[in-house]
Amino acid sequence: MAIKDSYQISTEPVRTERIDRLHRYITSSKYGICVERGRLLTEYYRAHTDEAPIKRRANGMNHVLQNMSIYILPGSMFAGNQASHPRWAPLFPEFDMEWMESEMLNGDPYFPDQRPEDRYILREEDKLAIREICDFWKGQTVTDMLRTRLPKEALATHFQIKAADIGAYFQGGDGHFAPDHPWLIQNGVQAIIDQCEEGLANIDYKNDPECVKKKDFYEAAMISANAIIQFAARYADLAEKLAAEENDETRKRELLEMAGICRHVPKYPARNFREALQFIIFTHICIQIEDNGAGISFGRYDQFMQPYYEAGIADGTLTRELATELTENFFLQIYTCNKVRSWVDTDFFRGVPMFQNLTIGGVDPETMADATNDMSYIALDATYNTRVPQPSLTVRFHKKTPMEFKMRVAEVVRLGTGLPSIFNDEVYTRAMMNRGYEMKDAYNYCIIGCIEPGAPGLLGGRTGGAWLNCTKALEMSLYNGKDPRTGICLHENANGKTLATFESYQEAEDAFTDQMKYYIKMEAILENTIDQVWEEKLEEPMAAIFACPTTTIPRGKPIKQGGAKYDLTGQQTIGTANVANSLYVIKKLIFEDKVITGAQLQHALETNWQDETTTPTGPQIKAMCLAVPKYGNDVDEVDFLARDMMAMIAKELSSYKNTRYGRGPIGGTLHCSTSTVSSNTPFGHVCGATPDGREAYMSVADGQSPMRGTDVSGPTAAIASVAKLHNELFSCGSLYNMKFSPEELA
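Keep in mind that what you see is a predicted model, and the values were worked out from it rather than measured. (Residues numbered from 1 in each chain as written. Predicted model: local features only at pLDDT ≥ 70, side-chain atom pairs only at ≥ 80, totals over all residues. Heavy atoms only, no water.)

Student: I'm lost on the overall build of the chain in this one. Help?
Tutor: When its secondary structure is counted, the chain shows 31 helices and 13 strands. A compact globule built from 746 residues would reach a C-alpha radius of gyration of about 27 Å, and the chain, at 26 Å, matches this within 12%. Its C-alpha atoms give the chain principal-axis dimensions of about 85 × 60 × 55 Å. The 746 residues of the chain split such that 63% are buried. Once local pairs closer than 6 in sequence are excluded, the contacts in the chain between residues at least 24 apart make up 76%. (Helix = DSSP H or I, 4+ residues; strand = E, 2+ residues; numbered from the N terminus. Rg over C-alpha atoms; globule rule 2.2 N^0.38 Å. Buried < 20%, exposed > 50% of the residue type's maximum accessible area, 1.4 Å probe, protein only. Contact = heavy atoms within 4.5 Å.)

Student: Looking at this model, I keep getting lost on the packing of helix α23 (residues 505-537) against helix α29 (residues 636-654). Mind explaining?
Tutor: When two helices pack together, their arrangement is given by the angle between their axes and by how far apart the axes lie. Contact geometry of α23 with α29 gives a least axis separation of 10 Å together with a crossing angle of 30°. Between α23 and α29 the crossing geometry is right-handed. Within the contact between the two elements, α23 uses Y505, E509, F512, T513, M516, K517, I520 and E523 and α29 uses L641, M645, M648, I649, E652 and L653. Among the residues forming the contact of α23 with α29, the class breakdown is 9 nonpolar, 1 polar and 4 charged. (Axes fitted to C-alpha atoms, helices over the stretch in contact; angles between N-to-C directions. Left-handed = near helix turned anticlockwise from the far one by under 90°. Nonpolar A, V, L, I, M, F, W, Y, C, P; charged D, E, K, R; others polar.)

Student: In this structure, what is going on with a nonpolar patch on the surface? I would like to understand it.
Tutor: A cluster of nonpolar side chains, contributed by I719, M738 and F740, occupies part of the molecular surface with about 260 Å² of accessible area. Tracing the backbone shows F740 in the segment after α31 (715-723). When its relative accessible area of 42% is taken as the criterion, F740 is described as partly exposed. (Patch = residues over 30% accessible without salt bridge, like charges linked within 9 Å, V, L, I, M, F, W, Y side chains within 5 Å. Areas by Shrake-Rupley, 256 points an atom, 1.4 Å probe, with all protein chains shown as cover. Salt bridge = Lys/Arg side-chain N within 4 Å of Asp/Glu carboxyl O.)

Student: So what exactly am I meant to see when it comes to the pattern of salt bridges here?
Tutor: When charged atoms on two side chains of opposite charge get close, those side chains can pair. According to the stated counting rule, one finds 56 salt bridges in the structure shown. With a shortest N-O distance of 3.4 Å, D20 and R15 are connected by a salt bridge. One connected set of salt bridges, linked through shared partners, spans D174, R462, E527, D531, K560, D567 and R660.

Student: Whenever I open this one, helix α26 (residues 576-592) confuses me. Can you help?
Tutor: One turn of an α-helix holds 3.6 residues; hence residues three or four places apart share an orientation. Compared with an ideal rise of 1.5 Å per residue, which puts 17 residues at 24 Å, α26 spans 23 Å between its outermost C-alpha atoms and is within 8% of the ideal. Here α26 lies mainly inside the structure; 14 of its 17 residues are buried. Downstream of α26 by a residue or two, K594 has a phi angle that is positive, lying close to 55°. (Expected span 1.5 Å × (residues − 1).)

Student: Explain the pairing of strand β13 (residues 666-673) to me, please; I cannot follow it from the model alone.
Tutor: Strand residues, when the strand is regular, have side chains that alternate between the two faces of the sheet. For β13, the tally of buried residues reaches 6 of 8 residues, placing the bulk of the element in the interior. Here strand β12 (residues 566-574) pairs with β13 via 7 bridges, running parallel. Residue pairing in the sheet places L568 in a bridge with T669 of β13. (Pairing = 2+ DSSP bridges.)

Student: How do you make sense of the sheet that holds strand β5 (residues 357-361) when you look at a structure like this?
Tutor: Backbone-to-backbone hydrogen bonds pair the strands of a sheet. The strands run either parallel or antiparallel. Strand order in the open sheet formed by 4 strands is β4-β5-β6-β7, and the pairing between neighbours is parallel. Here the strands that pair on one side only, and so sit at the sheet edges, are β4 (299-300) and β7 (421-424). The pairing of β5 with strand β6 (residues 392-397) spans 5 bridges and is classified as parallel. Paired with G361 across the bridge in β6 is R396.

Student: Looking at this model, I keep getting lost on the packing of aromatic side chains. Mind explaining?
Tutor: What describes a pair of aromatic rings is the distance from one ring centre to the other and the angle between the planes of the rings. Considering all chains together, one arrives at 25 aromatic pairs under this definition. Summarising the aromatic geometry, the rings of F159 and F170 are spaced 5.6 Å apart at their centres and angled 85° between planes, so their arrangement reads as edge-to-face. Here F159, found in helix α8 (residues 152-161), pairs with F170, found in helix α9 (residues 167-170); they are 11 residues apart in sequence, far enough to count as distant. Residue classification places F170 among the buried residues on the basis of a relative accessible area of 3%. Joined through ring pairs, the aromatic side chains of F298, Y301, F304, F330 and F331 make up one cluster. When the ring centre of F349 is taken as reference, the NZ or CZ atom of R341 above it lies at 4.3 Å. Above the plane of the ring of Y505 lies K587, whose end atom (NZ or CZ) is 5.5 Å from the centre. (Phe/Tyr/Trp six-rings, centres within 6.5 Å; stacked < 30°, edge-to-face > 60°. Lys NZ or Arg CZ within 6 Å of the ring centre and 35° of its normal.)

Student: So what exactly am I meant to see when it comes to α31 here?
Tutor: Those residues of α31 that fall on the buried side of the exposure criterion are A717, A718, S721 and V722. Buried residues of α31 fall within an arc of 140° about the axis and therefore sit on the same side. Of the residues in α31, the exposed ones pointing more than 90 degrees away from the buried face are T716 and A723. (Arc of directions from axis to C-beta.)

Student: What is the right way to look at unusual backbone geometry in this model?
Tutor: Most of the time, phi is negative for any residue but glycine, and the peptide bond is trans. L419 connects to P420 through a cis peptide bond whose omega is -5°. Examined against the element boundaries, P420 turns out to sit in the loop between α19 (403-413) and β7. A positive phi is found at V352, a non-glycine position, where the angle reads about 55°. Mapped onto the fold, V352 is located in the loop between α17 (343-346) and β5. Even without being glycine, F355 reaches a positive phi, approximately 55°. Looking at the secondary structure, you find F355 in the loop between α17 and β5.

Student: I'm lost on the environment of A371 in this one. Help?
Tutor: If you trace the backbone, A371 turns up in the loop between β5 and α18 (374-386). Judged by its relative accessible area of 8%, A371 falls in the buried class. It is 5.9 Å that separates the C-alpha atoms of A371 and G361, two residues lying 10 residues apart in sequence. Beyond its immediate chain neighbours, meaning those up to four positions away, A371 contacts R300, D302, Q303, G361, G362, V363, D364 and S376.

Student: Explanation requested: the environment of P269 in the structure shown.
Tutor: Along the chain, the position of P269 falls in the loop between α13 (249-264) and α14 (273-291). Separated by 204 residues in the primary sequence, P269 and A473 place their C-alpha atoms 52 Å from one another. Residues in contact with P269, not counting those within four places in the same chain, are I185, Q186, N187, G188, H264 and E275.

See the structure below:
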């Protein structure tokens, strides 16, 4: 079947006139850069140098929220915008201004609107503001502090060798949490203010050594809570102004209703379905404006919205059709949020992903019964009809998931948008309990960011941390710890040998383990230094009171000081298949079959398989390596290497403590994920040829998926290989991407 006749192209969405108009308006908006946040924050910080850091941040955010441009999208039933135009991205110079200056002012390596991909409009008239912003922040950013506080070995690991990369957190905040939306929409922001006032009044200045920190936190929290209430009131005023100018009576009525809603939420609890969604939009956008982190997610949307849906159906104020339209409007409103990254960091995040994840399905954590409900299907319908990549829809499957629901999920997957992602409750809940989660919290998990499980409203830290380039560690283990690309050697193999001199397979495996553990140590240093700098300089009061209000407020602590119930720092491992396949090639060809020597294979790698003067030639050795069985084909010998290698990495990561360990939260360690996004491409660009037959500087494998083109035994064999890994150790998420061409699903 020709692609033009495929299901993806021929299937039309079903949209109301309102949603169709709004969809066309938003999706036709080009990416751009908005200087307002950066300019306003700089304005406040320049004028106020003597405040406690957490209060300075709260007041700075308040200044931004009360002075930034606001608008109401044409025909939208909701208010709220992150930047001055839909799909434009705010600037966060407090994290890093170096790349802003290089790219936006000097075009190095590209001006934002001249990038090969992921281009952003940058108006010429905004460049002066960017120059002033950069001049103020020079020497004062998070990146500046990290350069002075990180050991030289950790800096080389990140900037030169690229055995680990944590650039996303040099340039932006944590993100990667799911606010406690059920608690927030049921209690309102005024309840936060009231609780903070009570906490402030009850500080024990005689016996509590953290009394001053608590005072600063409660005051900053109240500033932040009042800021979002005033922000909503600005939209109420705007809606009333637009209503007075509106000639269409229906739209006039909608705008006046919107004004009333914005005066009620988020200050007070949501009274109905529409108010609940408006509440969530305000809190979500304000967190995005404060934090700049990816992965700010929504939790179990169908579970906390179902009561509002049922109440609306019962009192006649809501129909299924209206609930679907409002959900689609909500999805499109969220899609207007955007983020601009440096070109280097963009290589790890192609396609401008925001990872604003929204979870449906799963089980009731109290009864363990299937939790699929009307809102589960409505969320699927909204994804089917809007076909935008944000929010990222996630579905939880379990043994009792209804077949009707599975089939509807399959229909949406069949569109080819990449949504929804599907997660296995049995695997994820076991992994979470293995990391210390209580059973009820584990079974209430949502997906945060890309693939990471967490308890909504209870998890601090970050689920998406540094990228760990396992393929690079493997490569250096073959050269006694030396990076062939840069010539840098930070850590020699314990056995002092190279691929040419290993006397047994075990020596090769031990060398890889040795290098891997060293670079895990470097990664832990990077993570904890960043967290320490943030705690000292950039605590986020708004994130604290919305992400974990039931723990941060009673404790009087923001997240970086130990305010969450659970706190874990996620690590993302890249190149599972390349490492397993390469180790198996070494084992099979050199030490079992003895068809080549280690020296011959090392020379072939150094010459990128091109030397035809040797016997066998480089291309012949490459063919031998490619012919060895690969991970992804249900071959135990190589699959078990992948299993054991990843188990070693996961256990080593979780042996490292984060900066919140022993300060209140459960956990307090690093933990393992196989999330990749597009990092397998830039990580491949720094890795030479590897024994699995991969050529130098080509992309490595993503997640725990087989290497491209090597899973030749069909999808069930590939799944069988992936299932052999100890997924219960990957408490920060397991990623397996399986892709089919449209013709195969026709």
